[in-house]
Amino acid sequence: SSATGARRLGRHVAQAAETLGAGNSSADASAAPHPLDELSQEEIRSAAAAVRASFGDDVAVRFNVVTLAEPPKAQLLAYEAGTGPAPPRAAFVIVLVPATGEAFEMEVGPHARGPLYTIPGECCAGMQVGLPEGAIVRREALPLGVQPLVSPADCDLAEAIVKADAGVAALLEERYGITDISLLACDPWSVHIASEDYAPLRWREDGVPPRLVQTFLYMRDDVDDNHYAHPVDLLPTVDLNAQKVVHLDMQPTAPEIPTASVNYHREKLASNTYLQIKLSGELSTNLLSAGEPTPEYGVMVAPGVNAQIHQHMFCARLDMAVDGHSNTVSEVDVVPCPAGPSNPFNNAFIAKQTPLVSEAQAQRVADQ
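Because the structure is a prediction, the values reported are computed rather than measured.

Section: the side chain of Ser284
So, step 1. Mapped onto the elements, Ser284 comes out in the loop between strand E10 (244-249) and strand E11 (285-287).
So, step 2. Residue Ser284 is classed as buried on the basis of its relative accessible area, which comes to 1%.
So, step 3. Only 2.8 Å separates the side chain of Ser284 from the side chain of Gln308, close enough to count as a polar contact.

Below, the structure written as structure tokens:
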């Protein structure tokens, strides 16, 4: 599920940002770190302190990301070739101001860093911070209402908000007789908004954009139970900025919670010198909709349990240096050859290579 993925992918970055002290120090304390080593605990603390100080004591902020701001490629290559000094280290930070709904991208780093690598686009305005001096060298605001990624800490906060909500507790007792929510599992998902008419977007009258997360609910039999076998029909949506439940979806009549326990098969991830992505293990589940004998948008995996069809999208940044730095990435397609004297049985085909020379040219529509 997206929540499981969010909790696993990037936990070391997002939780370090949230706790401001759980950073991964990959370099020996007595040795200078490599320019691409992850930030140390002290560097994370320095960056966080600089960002907090830039907002002042009266503004509460919530850290979304604190990670290394990679040095310019030219500086890194010169350092590795022994013709230049180690590039100064800097931190890339995404920080939110819950009271106003604002989000910022920042860099904390020395002023002499030179050109910076930044991810283009509206979704990545922010701050960069100077290490070890702790100087803010870049600060950009996201367009109001544009949201950074949902972090593992956001998932934990969403679950805590739902479990503390009196309205959710009352409905669980009224519809299912549940009074002990210690075994209630909340699976947070980001909200993908298809329309500005989406009701939870408009719950506030002060103009502060909500930071919305929806939570699928499950009721375990015990602490070791696979909660995905027992979906509950309540679907709370929370605003992380306001830290409250702002919307609740449910079926008109409470269906029974499936009781069969299910143990899904989990395989180990094989790996080699190439990138391999393999999805196995847990399924994302929910209850069948009212009057739905078989799921229209999923697969029945147990009585009343629908494993919904959904997508996983992966992004990889390639910085190729195979036998040097003059590399080209190509797309290879299998193309049939036209029938003719050289193809009498109409079964010939070739591998057509298309060099991808720009990000714009490499864009594709995933329609198949």
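Overview of the nonpolar core
So, step 1. Core analysis: the largest hydrophobic core is formed by 21 residues, its most contacted members being Val162, Leu172, Leu217, Met219, Val232, Val238 and Leu240.
So, step 2. Elements with a contribution of two residues or more to this core: helix H5 (152-164), helix H6 (166-176), strand E6 (184-190) and strand E7 (212-219).
So, step 3. If we ignore the near neighbours within four places in the chain, the residues touching Leu217 are Val162, Val168, Leu184, Ala185, Cys186, His230, Pro231, Val232, Leu234 and Pro236.

Looking at the packing of aromatic side chains
Geometrically, a pair of aromatic rings is defined through the distance of the ring centres and the angle of the planes.
So, step 1. For the structure shown, the criterion picks out three aromatic pairs.
So, step 2. Judged by centre distance (5.4 Å) and plane angle (65°), the rings of Phe55 and Phe104 are edge-to-face. Remark: Phe104 occurs in strand E3 (residues 102-108) and Phe55 occurs in helix H3 (residues 41-55); sequence separation between them is 49 residues. This pair shows no difference in class: Phe55 is buried, exactly as Phe104 is.
So, step 3. Here the aromatic rings of Tyr218 and Tyr228 are separated by 5.1 Å at their centres, their planes lie at 65°, and the arrangement is edge-to-face. Here Tyr218, found in strand E7, pairs with Tyr228, found in the loop between E7 and strand E8 (231-232); they are ten residues apart in sequence, far enough to count as distant.
So, step 4. Tyr218 gets classed as buried once you look at its relative accessible area, which sits at 0%.
So, step 5. By relative accessible area, Tyr228 is classed as buried at 5%.
So, step 6. Stacked on the ring of Phe55, the Lys or Arg Arg139 has its end atom at 4.3 Å from the ring centre.
So, step 7. Lying over the aromatic face of Phe104, Arg139 brings its terminal NZ or CZ to 4.5 Å of the ring centre.

What to know about a nonpolar patch on the surface
So, step 1. Where nonpolar side chains cluster on the molecular surface, the patch consists of Leu318, Met320, Val322 and Val329 and spans about 350 Å² of accessible area.
So, step 2. Looking at where Val322 falls in the secondary structure, it is placed in the loop between strand E13 (305-308) and strand E14 (330-336).

Focus: the pattern of salt bridges
So, step 1. By the definition in use, this model includes ten salt bridges.
So, step 2. A salt bridge links Arg204 to Asp206; its shortest N-O distance comes to 2.9 Å.
So, step 3. Several salt bridges share partner residues, and in doing so they unite Arg62, Asp154 and Arg211 into one network.

Description of H3
So, step 1. Taking 1.5 Å per residue, 15 residues should reach 21 Å; H3 reaches 22 Å between its end C-alpha atoms and fits that length.
So, step 2. Those residues of H3 not exposed but buried are Glu43, Ile44, Ala47, Ala48, Ala50, Val51 and Phe55. The buried side chains of H3 occupy one side of the element, clustering within an arc of 160° when seen end-on. Of the residues in H3, the exposed ones pointing more than 90 degrees away from the buried face are Glu42 and Ala53.
So, step 3. Downstream of H3 by one or two residues, Gly56 has phi in the positive range, about 95°.

Section: the sheet that holds E11
So, step 1. Taking strand neighbours across the sheet as the criterion, the three strands line up as E11-E13-E12 in an open arrangement whose pairing is antiparallel. The open sheet has two free edges, formed respectively by E11 and strand E12 (298-302), since each of these has just one partner strand. Each strand of the sheet is rotated relative to its neighbour by a mean of 40°, with strand direction disregarded.
So, step 2. Judged from the four bridges that link them, E12 and E13 form a sheet pairing that is antiparallel. By the bridge assignment, Ala302 is partnered in E13 with Val305.

Considering the environment of His247
So, step 1. Within the fold, His247 resides in strand E10.
So, step 2. For the pair His247 and Trp203, spaced 44 residues apart in sequence, the C-alpha to C-alpha distance is 8.6 Å.
So, step 3. Only 3.3 Å separates the side chain of His247 from the side chain of Asp249, close enough to count as a polar contact.

With respect to unusual backbone geometry
So, step 1. The residue Asp323 is not glycine, and still its phi comes out positive at about 55°.
So, step 2. Of the residues examined, Asp323 reaches a relative accessible area of 85% and is grouped as exposed.
So, step 3. In this model, Asn346 sits at a positive phi of 55°, which is unusual for a non-glycine residue.
So, step 4. Mapped onto the elements, Asn346 comes out in the loop between E14 and strand E15 (349-355).

As for the pairing of E6
So, step 1. In terms of burial, E6 is a largely internal element, six of the seven residues being buried.
So, step 2. Pairing geometry for E6 and E7, over seven bridges, is antiparallel. Residue pairing in the sheet places Ala185 in a bridge with Tyr218 of E7.

Conventions used here
Residues numbered from 1 in each chain as written. Predicted model: local features only at pLDDT ≥ 70, side-chain atom pairs only at ≥ 80, totals over all residues. Heavy atoms only, no water. Helix = DSSP H or I, 4+ residues; strand = E, 2+ residues; numbered from the N terminus. Buried < 20%, exposed > 50% of the residue type's maximum accessible area, 1.4 Å probe, protein only. Polar contact = N/O pair within 3.5 Å; in protein donor to acceptor, adjacent residues only side chain to side chain. Core = buried A, V, L, I, M, F, W, Y, C linked by side-chain atoms within 4.5 Å. Contact = heavy atoms within 4.5 Å. Phe/Tyr/Trp six-rings, centres within 6.5 Å; stacked < 30°, edge-to-face > 60°. Lys NZ or Arg CZ within 6 Å of the ring centre and 35° of its normal. Patch = residues over 30% accessible without salt bridge, like charges linked within 9 Å, V, L, I, M, F, W, Y side chains within 5 Å. Areas by Shrake-Rupley, 256 points an atom, 1.4 Å probe, with all protein chains shown as cover. Salt bridge = Lys/Arg side-chain N within 4 Å of Asp/Glu carboxyl O. Expected span 1.5 Å × (residues − 1). Arc of directions from axis to C-beta. Pairing = 2+ DSSP bridges. Axes fitted to C-alpha atoms, helices over the stretch in contact; angles between N-to-C directions.

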